[in-house]
Amino acid sequence: MRKMKHLSSIANDVVQRCSQEIETTIDELVEEFECQWKPGSTEGTYSKKFVEFCNSKVTSRVCENILERIKDGSFTRLTFDMMLAWQQPDADDKESYREAVGKESEDKRIQATLSPEQDDISLFYSDMMPLLVDHEPSVGEDAFVYLGSIIPLPVDVVNGRYTFETLTALTGYQLHFPAYDMFVKEIHKCMKHLQKQAKPKGVELADDEIILHVEGTMASQRVIRHIKETSWPGRLTLTNYALYFEAAGIINYEDAVKIDLSKDNEKSTKPMSTGPLGAPLFDKAIVYESPEFEDGIVIEFPEMTSSTRRDHWLMLIKEITLMHKFLRKFNVESPLQAWEIHSRTILGIVRLHAAREMLRISPPDPKKFLIFSLFEEVPKGDYVLEELAEISLKIGTTRNPCSASSILRNMNMDQLGDMIKEEGEDTCKEKGKVTDKEEMLASLESAVNQSREEGKVIEEAKATTTELEEEGISESVAVLMELMRPLQDALPWFQQVIYWERPSRTLFVLAITILTVYKEWVGKAIAACLIWVVAKMAQARHKMVHTESEHAVTVSTESDQTMTESIVSAQHGLIRLHQLMQHVNVTIMKLRSIYTSKASKHASMVMASMLVLASFFAVVPFKLFIIFGTIYCFVMTSSVGRYMSNDQSNRRMKEWWDSIPIVPVRVLNASSK
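Residues numbered from 1 in each chain as written. Predicted model: local features only at pLDDT ≥ 70, side-chain atom pairs only at ≥ 80, totals over all residues. Heavy atoms only, no water.

Student: Before we move on, could you go through the overall build of the protein chain and cite the residues and values that matter?
Tutor: Assigned secondary structure in the protein chain consists of 26 helices and eight strands. Looking at the 673 residues of the protein chain, the share that counts as buried comes to 39%. Restricting the contact set of the protein chain to residue pairs at least 6 apart, pairs at least 24 apart contribute 68%. Approximately 40700 Å² of the protein chain is accessible, and the part contributed by carbon and sulfur atoms is 58%. (Helix = DSSP H or I, 4+ residues; strand = E, 2+ residues; numbered from the N terminus. Buried < 20%, exposed > 50% of the residue type's maximum accessible area, 1.4 Å probe, protein only. Contact = heavy atoms within 4.5 Å. Areas by Shrake-Rupley, 256 points an atom, 1.4 Å probe, with all protein chains shown as cover.)

Encoded structure:
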């Protein structure tokens, strides 16, 4: 057995197995590789590129017999060693890799924040660690994502980093062979389970329609559909096109009700609470609203404590809906291109099922395994989806034995029928497309990394608001008052200007206001204000840079009130709030009376006044109204204005307002409708 000195032991082993798989010698592999290798390339070392080349040569053989290889365990052993060889290709990088792994794991442990429930769950997994961890070398995140670029069964290159974080959160963010082997076997079990599911009764599934999830059978938990005051248990089936509900009959299921998720119409699926007599007591249901169903379709997923099942179904339905929205948005019309997107989505859902079975005590976040639901929410996820669309449109018409659609076919998903028999050109014969694919994958990886970095920044920013959001009403009021203090400090200055306490300052402000309006310098005045704000921000930044400790808002919540006084004060606050709401309602109803001429005399006066104002606005320039209005306001707050003020006119106005009757209001209870 020939060994290459510059390769690590695991890389030598993988190269040897690759040569045996494709029935060639290592020398022939080296010769073929060096014909393509460019020494000046900065994309990777010679050893890593050679390992990638050998892996790519053997993947087609692996994918063609993937089902048998999973059953005998050779698939997981070979692909795991491929990842190890890719991350440690050189003979002299073993020690540096250990240091990098240790630092990366430590950094992620520091960043990770577990809730109390997750902290208790981790104690459970300490007993399961022998099933997930061994003393052999482990795989890192980059190697796991690399595997998704050549064999997208255990991971998809699009969301592979999120999947890896979820699978390895409790094992130090390192993937060990026992856990990887268990995950792949669970994927196989889930596929076999889905293939055994009965098709919905009374409907004909499309050739490329695959069952993705079923509940409500004898072997699973109950599903109930609510129709007004009645409830019907039944079976709920999700496919990559629709949702089917079959009400349970005496002997068999009734014909299925189809909820089409592929059409672009006014529809929505959202959580809902149900209960006896319509009381919203149990938050464990979903409601599908569409013009096709007048009252919507309400489906409940009963369980004892949480609403995990309901949330799981909601996420799966959202993923299918977003997938079809993606196909419409980017005009994916080719059946092969569309089926490749369907296949990626199907494999993502299967991986989610496998992870839920593998980590049953702590169900993972479904978004981490679902491409479209994930990048619908993460920052700049739309950029990632644009890159995915470009890849699908450019290389989706070529036949690749290791594409997502080919893997589904090789896993004996019988529902496919003859849909993918007619395929495009063989990528093995198009050497130029290999380079294009590598460039597009690099662009996709760049978009994913940018999205993740942006997400980390946002998560750090949200973490700073957690403490503030958990405070009570009194603390929130105290914080608000403290934050409003700069405005409170500025209020006396405005009072001095408006009430002529400093006449020179008031005259200066009045002159500047009139000149700005008359010369139409409002835009310049706004620009000057913005420049002043920028200068104040730069001053605050300079002050923070030269301050040793982080600037924090200090709020005092101490009060001399007793508990009884606090309760009475809160009660008075609610009474004042109620009175304010009553005044607002009365004001709106009086305005409604004027508008509808319920008070005809008052309405006539208002219409006449509005016609006079309309005439003035049509003739007199608007800036003159602003100038005269400003002068009037300043004059009325001066001593001359207070001398000239007429309390009698204010009294007449109040009496006129109070004399306006309102439209009667009837409050109907639900029972009186």
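Student: Give me the lowdown on the pattern of salt bridges, citing residues and values where you can.
Tutor: Applying the stated criterion across every chain yields a total of 29 salt bridges. Ionic pairing is found between Arg161 and Asp142, a salt bridge with its closest N-O pair at 2.7 Å. Residue Arg161 is found in helix α9 (residues 160-167), and its partner Asp142 is found in helix α8 (residues 141-150); the two are separated by 19 residues along the sequence. One salt-bridge network, in which partners are shared between bridges, spans Glu141, Asp142, Arg161, Glu165, Glu445 and Arg452. (Salt bridge = Lys/Arg side-chain N within 4 Å of Asp/Glu carboxyl O.)

Student: Can you tell me about the nonpolar core, naming the residues and giving the values?
Tutor: Within the largest apolar cluster, 91 residues are counted, with the highest numbers of intra-cluster contacts made by Phe50, Phe75, Ile151 and Leu153. Those residues within four positions of Ile151 in sequence are excluded, and the remaining contacts are Thr59, Val62, Cys63, Phe75, Thr79 and Ile407. By size, the runner-up hydrophobic cluster in this structure holds 26 residues, among which are Ala338, Phe372, Ala389 and Ile391. (Core = buried A, V, L, I, M, F, W, Y, C linked by side-chain atoms within 4.5 Å.)

Student: Just give me the short version of the pairing of strand β8 (residues 293-300), but keep the residues and values in it.
Tutor: Within β8, six of the eight residues are buried, which leaves the element mostly enclosed by the surrounding structure. Note that strand β2 (residues 224-227) and β8 share three bridges and pair antiparallel. Across the sheet, residue His226 finds its bridge partner in β8, namely Val298. Two strands pair when backbone bridges link them, and strand β7 (residues 282-290) and β8 are joined in this way by five bridges, in the antiparallel orientation. The residue of β8 that forms the bridge with Val287 is Val298. Following β7, the chain reverses through two residues before pairing antiparallel with β8. (Pairing = 2+ DSSP bridges.)

Student: Got a sec to walk through a nonpolar patch on the surface? Specific residues and values, please.
Tutor: Side chains of Leu574, Leu577, Leu580, Met581, Val584 and Ile588 sit close together on the surface and give an oily, nonpolar patch of about 590 Å² of accessible area. Examined against the element boundaries, Met581 turns out to sit in helix α22 (residues 563-595). (Patch = residues over 30% accessible without salt bridge, like charges linked within 9 Å, V, L, I, M, F, W, Y side chains within 5 Å.)

Student: Before we move on, can you summarise the side chain of Glu340 with the specific residues and values?
Tutor: Counting through the fold element by element, Glu340 comes out in helix α12 (residues 335-358). This buried residue, Glu340, is left without a salt bridge; Arg344 holds the nearest opposite charge, at 4.3 Å. Sequence-distant contacts of Glu340, defined by excluding residues within four places in its chain, comprise Ser403, Ala404 and Ser405. (Lys, Arg positive; Asp, Glu negative; His and termini not counted.)

Student: Outline helix α5 (residues 74-87), supporting the account with residue identities and numerical values.
Tutor: Its 14 residues place the ends of α5 20 Å apart at the C-alpha level, agreeing with the 20 Å of an ideal helix rising 1.5 Å per residue. Of all 14 residues that make up α5, twelve are buried, and the element is covered over most of its length. Of the residues making up α5, those classed as buried are Phe75, Thr76, Leu78, Thr79, Phe80, Asp81, Met82, Met83, Leu84, Ala85, Trp86 and Gln87. (Expected span 1.5 Å × (residues − 1).)

Student: Kindly report on the state of the cysteines, identifying the contributing residues and their values.
Tutor: Tallied over the entire structure, the rule returns one disulfide. Covalently, Cys63 is tied to Cys402 through a disulfide, its sulfur atoms 2.3 Å apart. Measuring handedness by torsion sign, the sulfur bridge of Cys63 and Cys402 sits at about 110 degrees and is right-handed. One end of the pair, Cys63, is in helix α3 (residues 46-64); the other, Cys402, is in the loop between α14 (381-395) and α15 (404-410), and 339 residues separate them in sequence. Left without a disulfide partner, Cys18 is nearest to the cysteine sulfur of Cys54, which lies 5.5 Å away. Residue Cys18 is classed as buried on the basis of its relative accessible area, which comes to 0%. (Disulfide = S-S within 2.5 Å.)

Student: Requested: an account of the packing of helix α20 (residues 503-518) against helix α24 (residues 622-636), with residues and values cited.
Tutor: At their nearest, the axes of α20 and α24 sit 9 Å apart, and the two run at 170 degrees to each other. As judged from the angle between their axes, α20 and α24 are roughly antiparallel. In contact with Thr506, Val509, Leu510, Thr513, Ile514, Val517 and Tyr518 of α20, α24 contributes Lys623, Ile626, Ile627, Thr630, Ile631 and Phe634. Of the residues in the contact of α20 with α24, the class split is nine nonpolar, three polar and one charged. (Axes fitted to C-alpha atoms, helices over the stretch in contact; angles between N-to-C directions. Parallel < 35°, antiparallel > 145°, perpendicular 65-115°, else oblique. Nonpolar A, V, L, I, M, F, W, Y, C, P; charged D, E, K, R; others polar.)

Student: Would you mind going over the packing of aromatic side chains in detail, with residue names and values included?
Tutor: With the rule as written, the count across this model stands at 15 aromatic pairs. Seen in terms of ring centroids, Phe33 and Phe50 are 5.4 Å apart; in terms of plane orientation they differ by 65 degrees. Their pairing is edge-to-face. One end of the pair, Phe33, is in helix α2 (residues 26-36); the other, Phe50, is in helix α3, and 17 residues separate them in sequence. What makes Phe33 buried here is its relative accessible area of 5%. By relative accessible area, which is 0% here, Phe50 ends up buried. Pairing Phe80 with Tyr180 gives two aromatic rings, centres 5.8 Å apart and planes at 40 degrees, and the pair type is tilted. (Phe/Tyr/Trp six-rings, centres within 6.5 Å; stacked < 30°, edge-to-face > 60°.)

Student: Summarise a positive patch on the surface; cite the residues concerned and give the values.
Tutor: On the surface, Lys71, Lys189, Lys192 and Lys196 cluster together into a positively charged patch. Here Lys192 is to be found in helix α10 (residues 177-195). (Charge placed at Lys NZ, Arg CZ, Asp CG, Glu CD.)

Student: So, the confidence of the model for the protein chain: which residues are in play, and what are the values?
Tutor: Low pLDDT means the predicted coordinates in that region are not meant to be read closely. Confidence in the prediction of the protein chain, expressed as mean pLDDT, is 81, and 81% of residues score 70 or more. Within the model, the stretch residues 109-127 combines pLDDT values under 50 with 16 contacts to residues more than four positions away or in other chains. Confidence drops under a pLDDT of 50 for residues 420-432, and excluding neighbours within four residues, the segment shows 19 contacts in the predicted structure. (pLDDT = per-residue confidence, 0-100.)

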